[in-house]
Amino acid sequence: MPTEDALRNRPPAGQREQVTSGTGAVLRALDKLNAKVNDVTLETGSHATTGRIDIELSDCRYPTGDPSGNAYAFLTVREAGVPEPVFRGWMVAASPALNPMDHPRYDVWVLRCTTS
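Residues numbered from 1 in each chain as written. Predicted model: local features only at pLDDT ≥ 70, side-chain atom pairs only at ≥ 80, totals over all residues. Heavy atoms only, no water.

Draft legend 1. Looking closely at the sheet that holds strand 3 (residues 36-43). As summarised here, the arrangement of the 3 strands in space is 3-2-8, forming an open sheet in which the pairing is antiparallel. Of all the strands in the sheet, the pair left with one neighbour each is strand 3 and strand 8 (106-114). Strand after strand, the sheet turns through a mean of 20° between neighbouring axes, direction not considered. As defined by bridge partners, strand 2 (residues 24-31) adjoins strand 3 across 8 bridges and the pair is classed as antiparallel. Its bridge partner lying in strand 3, Ala 25 is registered against Leu 42. (Pairing = 2+ DSSP bridges. Helix = DSSP H or I, 4+ residues; strand = E, 2+ residues; numbered from the N terminus. Axes fitted to C-alpha atoms, helices over the stretch in contact; angles between N-to-C directions.)

Draft legend 2. Representation of the packing of aromatic side chains within the structure. What the rule picks out here adds up to 1 aromatic pair. Between Phe 74 and Trp 90 the ring centres are 5.5 Å apart and the planes differ by 75°, which places this aromatic pair in the edge-to-face class. Residue Phe 74 is found in strand 6 (residues 72-79), and its partner Trp 90 is found in strand 7 (residues 87-92); the two are separated by 16 residues along the sequence. With relative accessibility at 1%, the residue Phe 74 sits in the buried group. Looking at Trp 90, the relative accessible area reads 9%, which means it is buried. (Phe/Tyr/Trp six-rings, centres within 6.5 Å; stacked < 30°, edge-to-face > 60°. Buried < 20%, exposed > 50% of the residue type's maximum accessible area, 1.4 Å probe, protein only.)

Draft legend 3. Spatial organisation of the pattern of salt bridges. For the structure shown, the criterion picks out 4 salt bridges. For Lys 32, the salt bridge identified is with Asp 107, shortest N-O distance 3.6 Å. Taken as a pair, Lys 32 in the loop between strand 2 and strand 3 and Asp 107 in strand 8 lie far apart in primary sequence, 75 residues in all. (Salt bridge = Lys/Arg side-chain N within 4 Å of Asp/Glu carboxyl O.)

Read these as geometric descriptors, not functional statements.
If you want it as structure tokens, here you go:
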């Protein structure tokens, strides 16, 4: 299995355009049990807990010159008390089904990168 650095430095699937790393990302988390939606803003390298999951943002990239364009975020998501991640990889804002997190209770997806 590739290391986290190798995964993070590999471009997201389908990415062929020039990209710039943002300072963070805005994510949306859904608790499917109670239909609670929570928007989470993370700086690169930080993490946040929502419900029973912890989300870590390693990188967020966007098309160079278009910060409002498609966002690619490298996330690691862990369930409380479980060391093995339930998701680790790139999520693409414009195509959330391309590499979705498969969890029975929670959904997480990328909305956009932040630049300041």
